[in-house]
Protein chains: 2
Amino acid sequence: MPEDFIVTPWEVRGEVDYDKLIEKFGTQKVTDDLLKHIEKHASPLHVMLRRGLFYSHRDMNWILEQHEKGNTFYLYTGRGPSGHTTIGHLVPWILCKWLQDNFKNKFYFQLTEDEKFMFDESKTLEDTKKYAYENALDVIALGFDPSLTNIFLDTEYIHHLYPIAIKVAKRVTFSTVRAVFGFTQSNNIGSIFYTSIQAAPAFLGSVLEGKNIPCLIPCGIDQDPHFRIARDAAEHLGYYKPALLHNKLLPSLTGSDKMSASIPGSSIFTTDSEDDIKKSVQNAFTGGRVSIEEQKKLGGDPDICSVYKYYLYLFIPDDKELQDRYEECRSGNIMCGECKQHLISLVWGFLKDHQEKREKARDVLEDFMLRD
Amino acid sequence: MPEDFIVTPWEVRGEVDYDKLIEKFGTQKVTDDLLKHIEKHASPLHVMLRRGLFYSHRDMNWILEQHEKGNTFYLYTGRGPSGHTTIGHLVPWILCKWLQDNFKNKFYFQLTEDEKFMFDESKTLEDTKKYAYENALDVIALGFDPSLTNIFLDTEYIHHLYPIAIKVAKRVTFSTVRAVFGFTQSNNIGSIFYTSIQAAPAFLGSVLEGKNIPCLIPCGIDQDPHFRIARDAAEHLGYYKPALLHNKLLPSLTGSDKMSASIPGSSIFTTDSEDDIKKSVQNAFTGGRVSIEEQKKLGGDPDICSVYKYYLYLFIPDDKELQDRYEECRSGNIMCGECKQHLISLVWGFLKDHQEKREKARDVLEDFMLRD
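For clarity, every value in this text was computed on a predicted model and none was experimentally measured.

Cut-off values and rules
Residues numbered from 1 in each chain as written. Chains lettered and ligands numbered in written order. Predicted model: local features only at pLDDT ≥ 70, side-chain atom pairs only at ≥ 80, totals over all residues. Domains from an automatic or database assignment. Contact = placed C-beta atoms within 7 Å. Helix = DSSP H or I, 4+ residues; strand = E, 2+ residues; numbered from the N terminus. Nonpolar A, V, L, I, M, F, W, Y, C, P; charged D, E, K, R; others polar. Pairing = 2+ DSSP bridges. Axes fitted to C-alpha atoms, helices over the stretch in contact; angles between N-to-C directions. Parallel < 35°, antiparallel > 145°, perpendicular 65-115°, else oblique. Buried ≥ 20, exposed ≤ 12 C-beta atoms within 10 Å, placed from the backbone. Right-handed = clockwise from strand over helix to strand, strands pointing away. Least-squares fit on C-alpha atoms with pLDDT ≥ 70 in both.

1. Here's the deal with the domain arrangement of chain A
All names here are of chain A. We note that the domain assignment places domain 1 (5-249) and domain 2 (274-358) within chain A. Computed from C-alpha atoms alone, the centre-to-centre distance between domain 1 and domain 2 is 30 Å. Counting residues at the interface gives seven residues for domain 1 and six residues for domain 2. Contributions of two or more residues to the side of domain 1 that touches domain 2 are made by helix H3 (47-50) and helix H7 (125-141). Residues of the side of domain 1 that touches domain 2, tallied by class, amount to five nonpolar, no polar and two charged.

2. Focus on unusual backbone geometry
Between A:Ser43 and the following residue, A:Pro44, the backbone shows a cis peptide bond with an omega angle of -5°. The topology assignment puts A:Pro44 in the loop between helix H2 (32-39) and H3. Here A:Asp59, not a glycine, exhibits a phi torsion of approximately 60°, which is positive. Turning to its location among the elements, A:Asp59 is positioned in the loop between strand S4 (54-58) and helix H4 (60-68). Positive phi, normally seen in glycine, also occurs at B:Lys104, with a value near 60°.

3. Describing the sheet that holds strand S5 (residues 74-79) of chain B
Residue and element names in this part refer to chain B. The strand order S3-S4-S9-S8-S5-S6-S7 describes an open sheet built from seven strands, whose pairing is mixed. Across the chains shown, the open sheet's two edge strands, defined by having one partner strand only, are strand S3 (28-29) and strand S7 (149-153). Across two bridges, S3 lies against strand S4 (residues 54-58) in antiparallel orientation. Residue pairing for S4: Gln 28 is matched across the bridge by His 57. Taken strand by strand, helix H4 (residues 60-68) contacts S4, strand S8 (215-220) and strand S9 (243-247), and its axis lies near 125° from that of S9.

4. As for the packing of helix H7 (residues 125-141) of chain B against helix H17 (residues 336-368) of chain B
Residue and element names in this part refer to chain B. In contact at an axis separation of 7 Å, H7 and H17 are set at 100° when each is read in the N-to-C sense. When the interaxial angle is binned, H7 and H17 end up roughly perpendicular. Residues Ala 136, Leu 137, Asp 138, Ile 140 and Ala 141 of H7 pack against His 354, Lys 357, Arg 358, Ala 361, Arg 362, Val 364, Leu 365 and Phe 368 of H17. Tallied by class, the residues present in the contact of H7 with H17 amount to eight nonpolar, one polar and four charged.

5. Overview of the interface of chain B and chain A
Contacts between the two partners involve 28 residues from chain B and, on the opposite side, 28 residues from chain A. Breaking the side of chain B that touches chain A down by element, the ones donating at least two residues are helix H6 (113-119), helix H8 (154-169), helix H9 (174-181) and helix H10 (189-199) of chain B. The greatest single-element share of the side of chain B that touches chain A, amounting to eight residues, is contributed by H8(B). A breakdown of the residues in the side of chain B that touches chain A according to their chemical character gives 14 nonpolar, ten polar and four charged.

6. Details of the pairing of strand S5 (residues 74-79) of chain A
Residues and elements named next belong to chain A. The element S5 is extensively covered by neighbouring structure, given that six of its six residues are classed as buried. Here S5 shows two buried faces, one formed by Tyr 74, Tyr 76 and Gly 78 and the other by Leu 75, Thr 77 and Arg 79. In terms of strand pairing, S5 meets strand S8 (residues 215-220) through two bridges, oriented parallel. Following the sheet pairing, Tyr 74 is matched in S8 by Cys 215. Where S5 and strand S6 (residues 107-111) come together, five bridges link them in parallel fashion. Within the sheet, the bridge partner assigned to Arg 79 lies in S6 and is Leu 111. One crossover worth recording links S5 to the parallel S6 by way of helix H5 (residues 87-103), and it is right-handed.

7. Considerations on the sheet that holds strand S7 (residues 149-153) of chain A
Across the sheet, which stays open at both edges, the seven strands sit in the order S3-S4-S9-S8-S5-S6-S7 (chain A) with mixed pairing between neighbours. At either end of the open sheet lies a strand with only one pairing partner, and these are strand S3 (28-29) and S7 of chain A.

8. What to know about the relation of the copies chain B and chain A
For the pair of chain copies, the relating operation is a rotation around an axis with a shift along it. With an RMSD of 0.0 Å, the fit of chain B onto chain A corresponds to turning through 180° and sliding 0.0 Å along the axis. The superposition of one copy onto the other is thereby described by a two-fold rotation axis.

This is how it looks when you write it as structure tokens:
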């Protein structure tokens, strides 16, 4: 049966059916019971959990049980530095910050400049390293605790990653990466090996501390295939399988399923000016009608509107305020132009502050970088 | 056309036709003219060159021309530490020592404990690292200049190797390693990537010095496939193609084409006791006849004798002495038992001395190890 959407770590295409993805990947739904379990330790719940942006997981209950036994997990997520950071990239990082605030976790952040170099013909390693350092500023700007947070670039921390990676690699055949990622014989041998480098930080916390420590990886659902491989290898390495908490991909402003950093106007970058944001949001796909007259009469459709999704998942955490806006749209009392202006002001309010913190991050970068 | 022998970096099987191998691999024969060219700079020629143990090359004339222009090459060879060192393993190392004495080259020696771990199901990384350090002692015992010689283990020097390796890897597809090494879909992804790690030191000298330096790799002809890949990648990386000087594989004492470290008695290890050597040599395949009477009458056949090959390539460098022994055998004046005794005394004479130097090497190991 041909599928009408594709989700791999390097490509998201078509209309993603997130429920089907849970079935296909073999993950678990984030249930109300799980949310209550999390809430016991971290209250109030983060809006991205409450409203279902994080919707899938592996072994999240086990992670909480380990925490309850005093064996607290560490956090691991990362970024492939192909360019500047978008708001979509921030989603799992923001959740990590919230988790660290509540659970006091150690946090490892991997910058995979090797990946982006090997998977993109047009990029040099110098390009991707440059962006890695730019992306690191965005991580730091979110306010992580420097005493608990470790950011590293693959090529600069490879002496710790490689010995773990080759133990993973020994357990993974070409047939497996072909099946999991859709690789072909034309893939370069660096791209074929790469998944073992992304698996390594799932065990790094345990390796560095010399004991088995649970690992939780908040990440986009598109990254799950890497960690299926890591989980399969875990047993051979003698470590716990990493647990996962998956977010849906923040939709593109153009209406497609994932922000694409490479399609102009489809993404908001953390480095965007107010004007850039205006341009992107003003061109956004909405649930508006063909004319103002019709919209006043019939109302808009927030359920298909990309602007509304930004409110829902990130920018209007207050439930009453969100509900009001939803109804104002449905009833035709608010037009798309006005609504877009509101999103612009919320996004710019967030980014203006973020950009100040991002500049200050340059001075403390070395406090976060893991090198030795 | 099915081939009657197989030579890959991990397997040598059948009766190797070394001339065919030159054709198959596309290398050049070491000619008398080339030997004379080498002799202009390094006289007298090493017995392993004079007697054709080093019989094939790539770009060796160019290497000498570069030297003549004042752009002297560096040397690179290595060892996959699957166990203790055999006399066969020493062959390219001994040539490197002779080259370093004559050309004053920098010398990089790679210990590929990652390779032996990933290619051998039964070995742990701890096993192969242990043997890497044992093998390093054999390198040092040969008398290399510590100010010019750098030995490293892949996992310990990976921070310098990996950034080079991924640049190679980006240029090599699975189709290529399948064609070159005979890999299948069942190969693990570490073994598939590995060749780029072995390619890295071919450019390391240039990377570390920030300028393009010619590299000469003396090695067994079985390792040539790795460096075909390295040579193809060189242009993309902006470095010279590494040159090669290939030795035939020192034959097994059992008569087959390559010493196998895993078949007891087929190899002489540098750590062998006099008794071990006796056992191995006494069981050696020779060109002797079925009975002493017949041998006295018909004479032996040194051309097929594994004992004679040890004289030829390593243990009787004096031409007159070798010729005498050849004729004594042919004429039936010397029996195999006596001849084996002679080889035992020559090998033990060499190894007794080597083992003393090997023990002393433990104290100076750190002078040779490249870590930072």
